[in-house]
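The residues making up each chain are set out below.
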Amino acid sequence: MLELVLNFLFGIKKFHSSCIICGKLNENLICMECEKRFDKYKKFNIIDNEKLIKDKIGIHNIKLKQQYYLIAGKKVYWEKMLYCFDYKSIVRKYMLQYKFFDKSYLANFFSYEILKNKKVYEILKSYDIIIPVPMDKIKKSSRGYNQTELISNIISRKGGIISGNNILEKVKKTKTQSTLKKQERKTNIENSYVVKCVDKVKNKKVILFDDIFTTGATVNEISKKLKQAGVSKIFVLVIAKD
Ligand SMILES: [Zn+2]
């Protein structure tokens, strides 16, 4: 049933499509073989920061403990974070192609992977607005598109969630985060983003969407600004976690 809904959502006609990854004739957006290659790295893990803080004493699960201490040490401004994949192997390969090699059509693939997870779909629908992490204008015009915005737009359209593309603006030109060390990343992005339309986010439950989560400095800085603007809850959604 979900498959039918997705085919309808993504406008895929049975027997008239090809796999978005390998190009072989296929009735769904992605063929079984390619799906299997991605399945190995699928996580759909939710980090519930609120719960972790509440349960601080008494976490016996080592994995959770590690996650807690990874984000702790600095104040975290979002409540929950979900990552769909580990940023490894084939996931990394296609994310890099999507980002730097002009393969904007892969936005369909990543949003399809997110929306076809029923649990995630239900969570996303319980939020008011989806906001992509913005790029500075010069970078966006040289690349031709903002990769997070493209996916966020599809999730908004197919999932029926209001799109908040113009709510944030990147006001400071920053060095590429991946070239910096942890502390430098934090200093690099401080005060780089502003919330332009405070009235649109006040008391709202927000999905903040980014492509990759590494140290989390960017989404944390933006979450801080959103909270200052009166946002009630923040759900960080990322495709992959490094
Ligand atoms: Zn394929």
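Residues numbered from 1 in each chain as written. Predicted model: local features only at pLDDT ≥ 70, side-chain atom pairs only at ≥ 80, totals over all residues. Heavy atoms only, no water.

**Q** Got a sec to walk through the nonpolar core? Specific residues and values, please.
**A** Grouped together as the largest cluster of nonpolar side chains are 43 residues, with contacts concentrated most on I21, F38, F110, I114, L124, I155 and L237. At the level of secondary structure, the elements contributing two or more residues to this core comprise α2 (32-39), β4 (80-86), α5 (89-100), α6 (106-115), α7 (118-125), α9 (147-159), β9 (205-213) and β10 (233-241). Counting residues per element, this core draws most heavily on α6, which supplies seven residues. Split by domain, this core shows at least three residues from each of two domains, domain 1 (1-39) and domain 2 (40-46 + 73-241). Every residue in contact with L124, bar those within four places of it in the chain, is listed here: I114, I155, I161, I207, F235 and L237. Core analysis: the next-biggest nonpolar cluster, separate from the first, contains 25 residues, W78, I131, V206 and A229 among them. (Core = buried A, V, L, I, M, F, W, Y, C linked by side-chain atoms within 4.5 Å. Buried < 20%, exposed > 50% of the residue type's maximum accessible area, 1.4 Å probe, protein only. Helix = DSSP H or I, 4+ residues; strand = E, 2+ residues; numbered from the N terminus. Domains from an automatic or database assignment. Contact = heavy atoms within 4.5 Å.)

**Q** So what's going on with the packing of aromatic side chains? Residues and values would help.
**A** Across all of its chains, the model carries eight aromatic pairs by this definition. Taking the centre distance of 4.8 Å and the plane angle of 55° together, the rings of F38 and F109 count as tilted. Here F38 is found in helix α2, whereas its partner F109 is found in helix α6, with 71 residues between them in sequence. Taken individually, F38 and F109 each receive the classification buried, so the pair is uniform in this respect. (Phe/Tyr/Trp six-rings, centres within 6.5 Å; stacked < 30°, edge-to-face > 60°.)

**Q** Give a detailed account of α9, specifying residues and quantitative values.
**A** The first and last C-alpha atoms of α9 sit 18 Å apart over 13 residues, in line with the 18 Å expected at 1.5 Å per residue. For α9, a buried count of 10 out of 13 residues is recorded, marking the element as mostly surrounded by other parts of the structure. Along α9, the residues that are buried comprise Q147, T148, E149, I151, S152, I154, I155, S156, K158 and G159. G160 lies just past α9 and shows a positive phi near 65°. (Expected span 1.5 Å × (residues − 1).)

**Q** So what's going on with the pattern of salt bridges? Which residues, and what values?
**A** Per the stated rule, a full pass over the model turns up 12 salt bridges. In this structure, K24 engages E33 in a salt bridge whose closest nitrogen and oxygen atoms are separated by 3.3 Å. What makes E33 exposed here is its relative accessible area of 54%. Through salt bridges with shared partners, a single ionic network connects E35, D39, K42, E113 and K116. (Salt bridge = Lys/Arg side-chain N within 4 Å of Asp/Glu carboxyl O.)

**Q** I'd like to hear about the pairing of strand β5 (residues 129-132), residue by residue, with values.
**A** Alternating residues of β5 divide into I129 and I131 and I130 and P132, and every residue in both groups is buried. Bridge count for β5 against strand β6 (residues 162-163) is two bridges, and the pairing is parallel. Paired with I130 across the strands is S163, a residue of β6. Where β5 lies against β9, four bridges are found, and the strand directions are parallel. Bridge assignment links I129 to a residue of β9, and that residue is V206. (Pairing = 2+ DSSP bridges.)

**Q** I'd love a proper account of the layout of surface pockets, names of residues and values included.
**A** Of the voids in this model, the largest pocket is the one considered here, and its volume is about 720 Å³. K99, T176, Q177, S178 and D211 are the residues nearest the centre of the largest pocket, which is lined by 33 residues in total. Sorting the residues of the lining of the largest pocket by element identifies α5, α8 (137-143), α9, α10 (182-189), β9 and α12 (217-228) as the ones contributing at least two each. Element by element, the count of residues in the lining of the largest pocket is highest for β9, at four residues. (1 Å grid on protein atoms, 1.4 Å probe; cavity = no way out; pocket = protein on both sides within 12 Å on 5 of 7 lines; lining within 4 Å. Points joined across faces, edges and corners; volume = space filled by probe spheres on them.)

**Q** Any chance you could break down the coordination of the zinc ion for me, citing the residues and the numbers?
**A** Binding of the zinc ion to the protein goes through C19 (SG), C22 (SG), C31 (SG) and C34 (SG), at separations of 2.3 Å. Seen from the zinc ion, its four donor atoms lie at angles of 103 to 114°, and the figure they make is tetrahedral. Mapping the donors of the zinc ion onto the primary sequence yields the spacing C-x2-C-x8-C-x2-C. Pair noted here: C19 is in the loop between β1 (17-18) and β2 (25-26) and C31 is in the loop between β2 and α2, with a separation of 12 residues, a long-range link. (Donors = N, O, S within 2.8 Å, 3.2 Å for Na, K, Ca; no water. Tetrahedral: all angles 85-135°; square planar, octahedral: opposite > 155°, others 65-115°.)

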